[in-house]
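# Secondary and tertiary structure notes
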Amino acid sequence: MLMYVAKRLLALIPLLFAVSVVIFSILHLTPGDPARAMLGAKASAAQVDALRERLGLNEPLIIQYFQWVADALRGDLGDSIFLRKSVVAAISDNVQPTMQLALLAIIFALVISIPFGTLAARYRGGVLDQTVNGFTLIGLAVPSFVLGLLLILLFGVWLRVLPVSGYTNPFEDFGRGMDSLLLPALALGATISAYITRTTRAAVLDVLNAEYIDAARSRGVGERRLLFSHTLKNAGLPILTVVGLTFGALVTGAAVIETIFNIPGLGSLLIQAIPRRDYAVIQGVVLLVTVVFLLVNLLVDILYGFIDPRVRLAKSGGK
Amino acid sequence: MTSSPLNIENLAITIAEGDDAVEAVKSMSLDLAAGEVLALVGESGSGKTITARAVLGLLPARASTKGVILINGISVLEATPEQGRKVRGEHAAMIFQEPSTALNPVFTIGWQMSEGLRAHGISDVRERRRRSIELLTAVGIPSPETRIDDYPHQFSGGQKQRIVIAMALALRPAVIIADEPTTALDVTVQAEILDLLRRCRDELGASILLITHNMGVVADLADRVAVMYQGELVEVAPVEELFASPREQYTQDLLAAVPRLGAEPREARDEGIGDVVYEAENLDIVYSGGFRQKPFHAVHGVSFTVRRGEVFGLVGESGSGKSTIGRSIVGLAPVSGGSAKLLGSDLRHARGAELRELRRRVGFVFQDPASSFNSLMTVGECIEEPMRIHRAGSRQVRERRVNELLDAVQLPRSMAFRHPYELSGGQRQRVGLARALVLDPEFLVADEPTSALDVSVQARVLEIFNELQRDLGFGCLFISHDLAVVEMLSDRIGVLQSGRLVEAGTASEVLQYPKEAYTRRLIAAVPVPDPKVQRARRPPTTPGKQPLVQGRLFQ
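Just so we're clear, the structure is a prediction, and the values are computed from it rather than from any experiment. (Residues numbered from 1 in each chain as written. Chains lettered and ligands numbered in written order. Predicted model: local features only at pLDDT ≥ 70, side-chain atom pairs only at ≥ 80, totals over all residues. Heavy atoms only, no water.)

## A closer look at the overall build of chain A
- Per the secondary structure count, chain A includes 13 helices and 2 strands.
- Projecting the C-alpha coordinates of chain A onto the three principal axes gives extents of approximately 85 × 60 × 35 Å.
- Taking all 319 residues of chain A together, 43% fall into the buried category.
- Sequence separation of 24 or more characterises 73% of the internal contacts of chain A that already satisfy a separation of 6 or more.
- Counting 26 positive and 20 negative side-chain charges, chain A places the averaged centre of each group 8 Å from the other. (Helix = DSSP H or I, 4+ residues; strand = E, 2+ residues; numbered from the N terminus. Buried < 20%, exposed > 50% of the residue type's maximum accessible area, 1.4 Å probe, protein only. Contact = heavy atoms within 4.5 Å. Lys, Arg positive; Asp, Glu negative; His and termini not counted. Charge placed at Lys NZ, Arg CZ, Asp CG, Glu CD.)

## Quick notes on the pattern of salt bridges
- Taken as a whole, this structure holds 37 salt bridges over all chains when the rule is applied.
- Between A:D214 and B:R53 there is a salt bridge, with its nearest N and O atoms 2.2 Å apart. Of this pair, A:D214 sits in helix 9 (residues 211-218) while B:R53 sits in helix 1 (residues 48-55), on two different chains.
- A relative accessible area of 15% places A:D214 in the buried class.
- Its relative accessible area of 18% is what places B:R53 among the buried residues.
- One salt bridge in this structure joins B:E36 and B:R224, with 2.6 Å as the shortest N-O distance. Of this pair, B:E36 sits in the loop between strand 2 (20-32) and strand 3 (37-41) while B:R224 sits in strand 9 (residues 224-229), placing them 188 residues apart in sequence.
- Residue classification places B:E36 among the buried positions, given a relative accessible area of 10%.
- Judged by its relative accessible area of 22%, B:R224 is partly exposed. (Salt bridge = Lys/Arg side-chain N within 4 Å of Asp/Glu carboxyl O.)

## Some thoughts on the confidence of the model for chain B
- Per-residue confidence for chain B gives a mean pLDDT of 87, with 94% of residues at or over 70.
- Confidence over residues 551-555 of chain B falls short of pLDDT 50; this stretch has 13 contacts with residues more than four positions distant or in other chains. (pLDDT = per-residue confidence, 0-100.)

## Considering empty space enclosed by the protein
- This structure, assessed with the given rule, holds 6 cavities of 30 Å³ or more.
- Considering only enclosed or pocket space, the largest cavity measures out at about 70 Å³ in volume.
- Every residue lining the largest cavity is listed: A:R219, B:G89, B:A93, B:M113, B:G116, B:L117, B:H120, B:M167, B:A168, B:A170 and B:L171.
- Among the elements that line the lining of the largest cavity, the one with the most residues is helix 4 (residues 109-118) of chain B, at 3 residues. (1 Å grid on protein atoms, 1.4 Å probe; cavity = no way out; pocket = protein on both sides within 12 Å on 5 of 7 lines; lining within 4 Å. Points joined across faces, edges and corners; volume = space filled by probe spheres on them.)

## What about the side chain of B:E503?
All names here are of chain B.
- Tracing the backbone shows E503 in strand 20 (residues 500-506).
- A polar atom in the side chain of E503 sits 2.8 Å from the backbone nitrogen of K515.
- A distance of 3.0 Å separates a polar atom in the side chain of E503 from the backbone nitrogen of E516.
- Dropping the residues within four chain positions of it, E503 is found in contact with I493, G494, V495, V510, Y513, P514, K515, E516 and T519. (Polar contact = N/O pair within 3.5 Å; in protein donor to acceptor, adjacent residues only side chain to side chain.)

## Side note on the domain arrangement of chain A
Residue and element names in this part refer to chain A.
- Annotation of chain A at the domain level lists domain 1 (2-87) and domain 2 (94-312).
- On the domain 2 side, the residues contacting the 24 residues of domain 1 number 21 residues.
- Carbon and sulfur atoms supply 77% of the area that domain 1 and domain 2 bury against each other, a total of about 2100 Å² over both sides.
- Looking only at domain 1, the three residues that lose the most surface to domain 2 are Y4, I23 and F82, adding up to 25% of its buried area.
- Between the two partners, domain 1 and domain 2, sit 1 salt bridge.
- The shortest N-O distance in the salt bridge between R8 and D301 comes to 2.6 Å. (Domains from an automatic or database assignment. Buried area = accessible area lost by both parts, 1.4 Å probe.)

## Quick notes on a nonpolar patch on the surface
Residues and elements named next belong to chain A.
- Side chains of F145, V146, L149, L150, L153, L154, V157, W158, L159, V161, V164 and V256 sit close together on the surface and give an oily, nonpolar patch of about 1000 Å² of accessible area.
- In this structure, L153 sits in helix 7 (residues 144-158).
- Assessed through its relative accessible area of 36%, L153 is described here as partly exposed. (Patch = residues over 30% accessible without salt bridge, like charges linked within 9 Å, V, L, I, M, F, W, Y side chains within 5 Å. Areas by Shrake-Rupley, 256 points an atom, 1.4 Å probe, with all protein chains shown as cover.)

## Things to note about the layout of surface pockets
- Taken as a whole, the second largest pocket spans an internal volume of roughly 1100 Å³.
- Considering the residues around the second largest pocket, the lining is formed by 32 residues, among which A:R217, B:L58, B:L59, B:P60 and B:A61 are closest to the centre.
- Listing elements by their share of the lining of the second largest pocket, those giving two or more residues are helix 5 (87-122), helix 8 (174-208), helix 9 and helix 10 (223-261) of chain A together with helix 1, strand 4 (63-71) and helix 2 (81-90) of chain B.
- Tallying contributions element by element places helix 2 of chain B first for the lining of the second largest pocket, with 4 residues.
- Within the lining of the second largest pocket, the residues separate by chemical class into 16 nonpolar, 6 polar and 10 charged. (Nonpolar A, V, L, I, M, F, W, Y, C, P; charged D, E, K, R; others polar.)

## Here's the deal with the interface of chain B and chain A
- At the interface, 33 residues of chain B touch 25 residues of chain A.
- Taking both partners together, chain B and chain A bury about 2700 Å²; carbon and sulfur atoms supply 56% of that area.
- It is B:F96, B:V106 and B:H153 that lose the most area in chain B upon contact with chain A, and together they represent 19% of the buried surface on that side.
- If you look at where chain B meets chain A, you find 13 residue pairs in polar contact (both at pLDDT 80 or more).
- Every element with two or more residues in the side of chain B that touches chain A is listed here: helix 2, strand 6 (92-95), helix 3 (99-102) and helix 4 of chain B.
- If one sorts the elements of the side of chain B that touches chain A by residue count, helix 4 of chain B sits on top with 5 residues.
- Per-class residue counts for the side of chain B that touches chain A are 15 nonpolar, 10 polar and 8 charged.

## So, the domain arrangement of chain B
All names here are of chain B.
- On domain assignment, one finds that chain B holds domain 1 (6-257) and domain 2 (309-332 + 358-536).
- With centres defined by C-alpha atoms, the gap from domain 1 to domain 2 works out at 32 Å.
- Listed by partner, the interface residues are 17 residues for domain 1 and 18 residues for domain 2.
- Of the roughly 1600 Å² buried at the junction of domain 1 and domain 2 (both faces included), carbon and sulfur atoms supply 60%.
- Of all residues in domain 1, D186, V187 and E240 give up the largest surface area on contact with domain 2, accounting jointly for 30% of the area buried on that side.
- In this assembly, domain 1 and domain 2 are joined by 1 salt bridge.
- In this structure, the salt-bridge partner of E240 is R535, at a minimum N-O distance of 2.5 Å.
- Among the elements that take part in the side of domain 1 that touches domain 2, helix 9 (residues 215-221) stands out by supplying 5 residues, more than any other.
- Its residues placed into classes, the side of domain 1 that touches domain 2 shows 9 nonpolar, 4 polar and 4 charged.

## Structural notes on the nonpolar core
Residues and elements named next belong to chain B.
- Counting residues in each nonpolar core, the largest one holds 89 residues, and the members touching the most others are L6, I165, I177, M215 and V218.
- Those residues within four positions of L6 in sequence are excluded, and the remaining contacts are L30, D31, L32, V55, I69, L70, I71, V175 and L209.
- If you look at the next biggest cluster of nonpolar residues, it comprises 48 residues, including L405, V431, L468 and F478. (Core = buried A, V, L, I, M, F, W, Y, C linked by side-chain atoms within 4.5 Å.)

## As for the sheet that holds strand 7 (residues 175-179) of chain B
Residue and element names in this part refer to chain B.
- Spatial strand order, 6-7-8-3-9-10: 6 strands in an open sheet with mixed pairing. The open sheet has two edge strands, strand 6 and strand 10 (232-238), and neither has a second partner. Averaged over all neighbouring strand pairs, the angle between strand axes comes to 20°, with direction disregarded.
- One ladder, built from 6 bridges, connects strand 9 with strand 10; its direction is antiparallel. Residue pairing across strands places M228 opposite L233, the latter belonging to strand 10.
- Where helix 1 meets the sheet, its contacts fall on strand 3, strand 7, strand 8 (207-212) and strand 9, and the angle it forms with strand 8 comes to roughly 150°. (Pairing = 2+ DSSP bridges. Axes fitted to C-alpha atoms, helices over the stretch in contact; angles between N-to-C directions.)

## Quick notes on the packing of helix 5 of chain A against helix 11 (residues 266-276) of chain A
Residue and element names in this part refer to chain A.
- Contact geometry of helix 5 with helix 11 gives a least axis separation of 7 Å together with a crossing angle of 130°. Overall, the two elements helix 5 and helix 11 adopt an arrangement that is oblique. Contacts between helix 5 and helix 11 involve A90, I91, N94, V95 and T98 on the former and, on the latter, L266, G267 and L269.
- Counted by class, the contact of helix 5 with helix 11 contains 5 nonpolar, 3 polar and no charged residues. (Parallel < 35°, antiparallel > 145°, perpendicular 65-115°, else oblique.)

## Some details on the pairing of strand 13 (residues 311-316) of chain B
Residue and element names in this part refer to chain B.
- With 6 of 6 residues buried, strand 13 lies mostly within the body of the structure.
- Of the two faces of strand 13, the one lined by V311, G313 and V315 and the one lined by F312, L314 and G316 are each fully buried.
- Across 5 bridges, the pairing between strand 13 and strand 18 (residues 475-480) is parallel. Each residue of the ladder has a partner; that of V315, found in strand 18, is S480.

Pasting the structure below:
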């Protein structure tokens, strides 16, 4: 198992290299002079030159790249000229709400989708299956920001049970914090849960048709145990894959949701940085999000190994 | 209530398909006596498997039943789900055809065995484990104390089937249903599993309903035989009587179609045999095995030749490398060492135009006719595809050629406009043969072309193949695990074991006077489709074997 994890970790290195090249080029793919673009048309030539010097733009490209990677490895992602603080500081000020939001959304999504997906597969074609299917269609079709606005209208404006916007850290005030995160997490989780429900249903259906389920049934194993103990572990593989992949959708979704609910997270930071052409912040946030995405999918790979012994104990051979 | 453990009376099963309903089983009555092995034989679609599933209450929801099934006096078709669940495992259990799909890949075998015991009220975990270990010992799994925590993929096919049998035996049910229990196994492993099943009957007194299409297996194991045809029982008779004097025409045809070793070997001949079309010399084939995986050495230093007009039969058990050699000829497996000369060109170094030209002159028939056609293409398009790929002939020429070939494989010309899935297995494999012959190849590779077919269908396909080979005079590499089939078709035979050619010679040399112990073992393991002969040549149960009943198990 340790070997397997080590192998997966090693496989990350070339990926990270590719990612770093892409993110590094964000700055250099801008048309014209990035320093000019950052400072705007009104800046003087001296100001632009000074910024070019500060950003190291006068060095050869390859040197700039290695400089950037070396800095990034040391934890220095440059400074934001607009925020007047380092990118690392800006990110660490904003990372907590986003992480809480993402985690809550995924938990919320899993809690609805796994049981409903499983039951929909078990009672395929029945009323429950059709209802679940209908809801997943709605979930896929309605963008999360529309759902977010509807939720604000319902719970915030009409029922007045939850705040319409704003953010309180649940680690400081748990009740108010959860209140502030509940609606955005619901809005964000709904779309993802539609994906996961559909995958769960398909995966469970697949496994239920497998002969080993019939074989277990032929030995007298009861239906409920067949469904929840024998089937779900096998179905876990495709479900996990989708969970890992939706993590990307989660982060982009968070950017929109945070803006609607006025939550000071990474999404908001990014949304502010883009029109300002605050390249250092954009690079920093994209880098962080990419690395987190890779790590989540690494975790998925490792969990794969836990679920499926053939992955973990892979020997040579096999056809 | 009767004393026999399984009692089927006027069973009828209808399966709904859309608005239609198919009568899978029409009014069938059958009794299984205590300690008896009753073979249920018939072609695919005859209703034998669905009958077996009905006995265990495992029919799909679309099926509706009439009649009565009694297991130990319990009416299965009228049972509540909970009663049905209790019957399964406790009174009746099932052994499946494909042991690798009958075991859940993500749980240890110990867990899976224990689930069956748990379902029948054995709540103590240690007790379940102890019993599971005893069961594994009984069916002959070495060091069961540690292997119980292994996963299915860590066992061989034969071991997996032993484990499935152990699970079926767990609560010592009166009735065991074995659905093609040896079809997926090699012949030497098959002999071991048949021996184990026999001991289940002799030592545990279990009654076995054996579903199979293999008459050799029937002759080896069954006491009585029930023959099914299109959902009806056509004949039930004691095994010796059935083989000696089958009453019904259908049974006679079925028995006549069974290929028998030594029955009709292809006569030796020299005429029509021409130059060498394929020559392997010290052929090595290594699969490189992907990123950071060990390469797999599939074929070691194999040498043989095939001449024009000659059929070279390649036999061996699964994993012996026989298919790999066949695939290497058409470029689906790499030639890694030694040399392989096809029609005068070296396969190892042939590239580009030379390779394309070679492929034009070689045909390939795949094993499974169901999966080797693109189901979006019509039969005609499938057959003419090689011509289109090699830009041979105008549309009219291709059309004419398709018709010629449909005639040659004795299918109506109108078939050209049908789709492969509308055809039966035998018809599809004839189309496969037509496709392989469309470019008039000088050499044909046939990889287990009939092993997915019923015996009666197989006989017809082999006959057509034989005729065409004589008429067209192509050289052929015929790959099969079935010695009787190979004997019928081949001029010469090579025997492969673990990637090495252990013996080669004319068909009669190899099969009648085998020199190698391995070849002899292979021949001895093939059950003869004649109960008297088979009983005489069956090796006595090896002394020193663990008895099935032992310890506190089954008490």
